[in-house]
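Coordinate inspection notes
For reference, the chains in residue letters:
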Amino acid sequence: MMKEKSISASKASLVFFLCQMISALDVPLDSKLLEELSQPPTITQQSPKDYIVDPRENIVIQCEAKGKPPPSFSWTRNGTHFDIDKDAQVTMKPNSGTLVVNIMNGVKAEAYEGVYQCTARNERGAAISNNIVIRPSRSPLWTKEKLEPNHVREGDSLVLNCRPPVGLPPPIIFWMDNAFQRLPQSERVSQGLNGDLYFSNVQPEDTREDYICYARFNHTQTIQQKQPISVKVFSTKPVTERPPVLLTPTGSTSNKVELRGNVLLLECIAAGLPTPVIRWIKEGGELPANRTFFENFKKTLKIIDVSEADSGNYKCTARNTLGSTHHVISVTVKAAPYWITAPRNLVLSPGEDGTLICRANGNPKPSISWLTNGVPIAIAPEDPSRKVDGDTIIFSAVQERSSAVYQCNASNEYGYLLANAFVNVLAEPPRILTPANKLYQVIADSPALIDCAYFGSPKPEIEWFRGVKGSILRGNEYVFHDNGTLEIPVAQKDSTGTYTCVARNKLGKTQNEVQLEVKDPTMIIKQPQYKVIQRSAQASFECVIKHDPTLIPTVIWLKDNNELPDDERFLVGKDNLTIMNVTDKDDGTYTCIVNTTLDSVSASAVLTVVAAPPTPAIIYARPNPPLDLELTGQLERSIELSWVPGEENNSPITNFVIEYEDGLHEPGVWHYQTEVPGSQTTVQLKLSPYVNYSFRVIAVNEIGRSQPSEPSEQYLTKSANPDENPSNVQGIGSEPDNLVITWESLKGFQSNGPGLQYKVSWRQKDVDDEWTSVVVANVSKYIVSGTPTFVPYEIKVQALNDLGYAPEPSEVIGHSGEDLPMVAPGNVQVHVINSTLAKVHWDPVPLKSVRGHLQGYKVYYWKVQSLSRRSKRHVEKKILTFRGNKTFGMLPGLEPYSSYKLNVRVVNGKGEGPASPDKVFKTPEGVPSPPSFLKITNPTLDSLTLEWGSPTHPNGVLTSYILKFQPINNTHELGPLVEIRIPANESSLILKNLNYSTRYKFYFNAQTSVGSGSQITEEAVTIMDEVQPLYPRIRNVTTAAAETYANISWEYEGPDHANFYVEYGVAGSKEDWKKEIVNGSRSFFVLKGLTPGTAYKVRVGAEGLSGFRSSEDLFETGPAMASRQVDIATQGWFIGLMCAVALLILILLIVCFIRRNKGGKYPVKEKEDAHADPEIQPMKEDDGTFGEYSDAEDHKPLKKGSRTPSDRTVKKEDSDDSLVDYGEGVNGQFNEDGSFIGQYSGKKEKEPAEGNESSEAPSPVNAMNSFV
């Protein structure tokens, strides 16, 4: 515990010193002041660390510094003192530390290779430069070698090696021919990063003898040439195609190390035929947008400005039609040291405290070492006011002798950083640098800034007074800036007067008076108006102004933002402009500009000149695009764009829209920048740093928008610190022990420079703790682990890039992750309001136990059982949620007379807490639901039987049933109402002594002790006599199906004269039923046109009887019969048989004719006489066939009942034989018309058609009958 306190105290001390550092003095850039103040040396200019010089020119090693008094200079070379006076070739420039080495006298530059360091020194300290490594440039000649011609088969790969001489710096390689023309390159032929020329596959046209590799050494402006290489391609037919093989790099994997901020170049070149295509991906991630480029026909992947986030595996894949191959390059991004916080100069007064902070990052982490006046601090003279703590030097109670220059060195294996920062201890009384009695003039309702530039050591305190002896200024109406400036955000007329600035420190006090005057704003109270004037008429524009009487206004009139034409027709008055005898040239925009020394206002109006009437129809169109875009006045944050308007096309241009393209971050995407009135053709545009701008202009009139103009030239703005920080910063934990900090990342152009990162800082709120910070890559989320559960945190996210930080961000409050609540609500009480509604109360849980954002409470309740039925059922829990910190809620929709249970749980963003103990409550009785049914049966002359079911929901204990009924006459008038109370345990009742043949209406409901429930109604009729009523019905539907038709028959019970119909359809189909009408009152029907081998459904109904139809029946048609290959009618045996049958029938006819003439009856005739209904008789009297004889082709014995008794009489039961007794298969049961033919083997001939009836298909028997 003591250790933690010690750490906190140390952190608090460090924060205190940081604050002191921030409040350290800034020395104003006042020339007179700077001449008077002492200052340690500061290096202002020096040569680069790695300095490659031209060996043909003098060597100039720069070292410039400033200080008061002016510093003296000295040099070291290779770590030892460099005595310039002893070397006649070396001189130092006057009042400077810059060395000039004269090598024009035959001295070689190599003699002055080495490491140089400059020291600038005065009485206040010594500053040192970087170690400057001097190396002369080298451009050696190519080693002579004998090159053999390359003989290559067509389609094979080839590599021509360059192997240039090692130079300093490395040369630039390119391939040319003898005519100094660059060799063409393509996806097939290209130069690698090492300078070699790669052929994925050679072609006959590659044959040549002048492949020459050149090396250009820029420092010496020399070009070295390799001996020509000869390539001869010989053809073989056919050319063999080959899958891809990588020429470079070799193997399946390789490694690459690159430094942060450099350009990463990865290369894959493949051989193959057809020529392979290269594709790049980053495994497990995306290639960085806006920094990724593909070169050398996509064989080279280029990523600029790499950072640690670009480390990973990069995979190149070479593919052609025969296959693919790949190579994985593992990239590791290291980093030379780079500044996080470079030490800054410190100006302190005696006795003050301060700190120098030197923080750098790198990969690996750089080591920090301190020097003072160029000497390692460990061996430098001791200073009791100084304490070194790692990357921080803490100064306490400094004295003037503490002034010195400190050097911070941050180094790792990839480089170093060296920074000088002085500590200047000054004791100076306050000075006010603003001139006395300076007059400030502003316009009312605008800000007023009154300066009080000051200096002093210690830093003076600034106070402002109104008047010479007025009271000190305080309050929200004033803003006091750190540089001493007083700001009045909204100056009013009564702000005019004298303001006194007082600066004081412990060495003295001084003051200065300044004057402020607040003027009335200039206004145009009557502005020029848009006018349409005919040619030769007069146009007049008004411009009436109002201004402060102490300000002198000047009024200027412009036409189209230019001076008025030098024309006597233009008359400028005090408050107006008049144009006499207007012409088409006067068409344009006229602007009145009013200027004073403090403000400027303007107003514009358009003059449109039209022809005198009558005028021809004018064709209005969108304007033509603007022309001749020009950029002028280029500054870091602004530029002026001008253009020439295109044709208006008879509709004045109302405004211009300016758009921009960012070629660096979003090439090809145009964004809205601003828009200006149609009278304006130039605009000052605000710019953002690190954006490659192009602009275009669109003209707009009442018809529409023009096409965009041609883009302007590009303008690349310089990089700068970010201007803004990420927005929508939030801190919400996803787990109980973390804090997820999220933000909306800056857009590409908002980064203001390369290397965009974010500094994420957090600390626990209301706890004396320091900020914890981490710098992350360009992401939008950071997770802090190991946090307490649901505690508030102060969070801020600051943008930074390679140039520095954005302004200090504002803080937001977030919370670490939530956990489930720990405590259940207590003191749960239920108040039953009525049988369906209850109110539940509970005590709120302590907020600390919620462990998250309190979202509300959930009430779980469920029905245990009905008190009337005493039977449990499946428990269905219901949930009601009450938002916020409510402590009660209503439970609607309860069932009466039931037992319920409930519990309450608190809810936060993580979920629900534990449930409170179950609370049991009961609902009182209610009125019952209607009886479940009411049936009236067994009607007689004077009675009806009523049967009913108990209510589905009794909602209590049933006490009785209430039956009410009354008669209804023919006009639907109601008779007297009779009421009967029935015990609750009854379920039926016989009502007697009713009127016969009378309709009654019944009303029936149940009762509990609470009251009566809803009633159901029913009607019934007593009968006229005791004969049982006949209810119509259709039953015994049977089917007999053939191949394409089916006989349908049924039995009908009910009133006469019913009209039947048959409905049918394919079984299992959702199609509508097909309907066929049956003629007459017959009980059979034939369905035709059916599909063979198909299952059908069928039902029979009666017209006029709503909903009265039979149940469904299913049947299936017979399979289709294969047609015979031989026509039987052409066979000789069949013709002979038919003749014999015909002769036999003729004899039978003669015998029959003789017997009839004698008055006798044959058995068939007797059967015909026994059936009085002609509809069911199998044949007519004039039919020439006898049912007693079998078909000539039917050799089966006759079924039972097919012959008559010997006494030739027919019994009644003989004529009532069933269909089974007379049937012979499907064709032996019914004709197509449905008539019964089971007793007769032969079949009827076609009768005249009735309705939808039809005859059967031809058969041998029919053919025989026709023959007879």
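Now for a quick tour of the structure. (Residues numbered from 1 in each chain as written. Predicted model: local features only at pLDDT ≥ 70, side-chain atom pairs only at ≥ 80, totals over all residues. Heavy atoms only, no water.)

1. Section: the environment of glutamate 661
Where we set the bar: Strands here mean DSSP runs of E at least two residues long; helices mean DSSP runs of H or I at least four residues long; both are numbered from the N terminus. Buried residues are those whose accessible area, probed at 1.4 Å on protein chains only, stays under 20% of the maximum for their type, while exposed residues exceed 50% and partly exposed ones sit between those limits. The criterion used for residue contact is that any of the two residues' heavy atoms lie within 4.5 Å. Distance and chemistry together define a polar contact, namely a pair of N or O atoms within 3.5 Å, with one atom able to donate a hydrogen and the other to accept it when in protein, and with adjacent residues in sequence counting only for side-chain atoms on both sides.
Mapped onto the secondary structure, glutamate 661 falls in strand β59 (residues 653-662). Judged by its relative accessible area of 15%, glutamate 661 is buried. C-alpha separation for the pair glutamate 661 and proline 711, spaced 50 residues apart in sequence, amounts to 8.9 Å. Among all residues touching glutamate 661, those that are not within four sequence positions of it are Glu666, Pro667, Gly668, Val669, Trp670, Asn692, Tyr693 and Ser694. Here glycine 668 takes part through its backbone nitrogen, which lies 2.6 Å from a polar atom of the side chain of glutamate 661.

2. Examining the sheet that holds strand β16 (residues 197-199)
Test applied: Pairing between two strands is assigned when DSSP locates at least 2 bridges connecting them. To obtain an axis, a line is fitted to C-alpha atoms, over the contacting stretch when the element is a helix, and the angle between two such axes runs from 0 to 180 degrees between their N-to-C directions.
Read across the sheet, three strands follow the order β13-β16-β15 without closing on themselves; strand pairing throughout is antiparallel. Looking at the sheet topology across the chains shown, the edges are occupied by β13 (158-160) and β15 (189-191). Strand after strand, the sheet turns through a mean of 15° between neighbouring axes, direction not considered. Sheet topology note: the β15/β16 ladder contains three bridges and is antiparallel. Of the residues in β16, the one forming a bridge with valine 189 is phenylalanine 199.

3. Details of the state of the cysteines
Filter applied, for reference: For the purposes of this analysis, a disulfide is any pair of cysteine sulfur atoms at a distance within 2.5 Å.
Evaluation of the coordinates by the stated rule reveals six disulfides. Covalent S-S linkage joins cysteine 452 and cysteine 501, the inter-sulfur distance amounting to 1.8 Å. In this structure, the disulfide formed by cysteine 452 and cysteine 501 twists by about -60° around the S-S bond and is classed as left-handed. Within this pair, whereas cysteine 452 is found in the loop between β40 (448-450) and β41 (454-457), its partner cysteine 501 is found in strand β45 (residues 497-505), the two being separated by 49 residues in sequence. Per residue, the accessibility class of cysteine 452 equals that of cysteine 501, and both read buried. Put simply, cysteine 543 and cysteine 592 are joined by a disulfide, and their sulfur atoms are 1.9 Å apart. In this structure the cystine formed by cysteine 543 and cysteine 592 twists about its S-S bond by roughly -65°; its chirality is therefore left-handed. Linking cysteine 543 in the loop between β49 (539-542) and β50 (544-546) with cysteine 592 in strand β55 (residues 588-595), this pair joins segments that are 49 residues apart in sequence. Like cysteine 543, the residue cysteine 592 is buried in the burial classification. The connectivity of the disulfide-linked cysteines in the protein, indexed sequentially, is 1-2, 3-4, 5-6, 7-8, 9-10, 11-12.

4. Digging into the sheet that holds strand β44 (residues 486-488)
If you trace the three strands from one edge of the open sheet to the other, you get β40-β44-β43, paired in antiparallel fashion. Strands with a single pairing partner mark the edges of an open sheet, and in this sheet they are β40 and β43 (479-480). Sheet topology places β43 next to β44; two bridges connect them, and they run antiparallel. Within the sheet, the bridge partner assigned to valine 479 lies in β44 and is glutamate 487.

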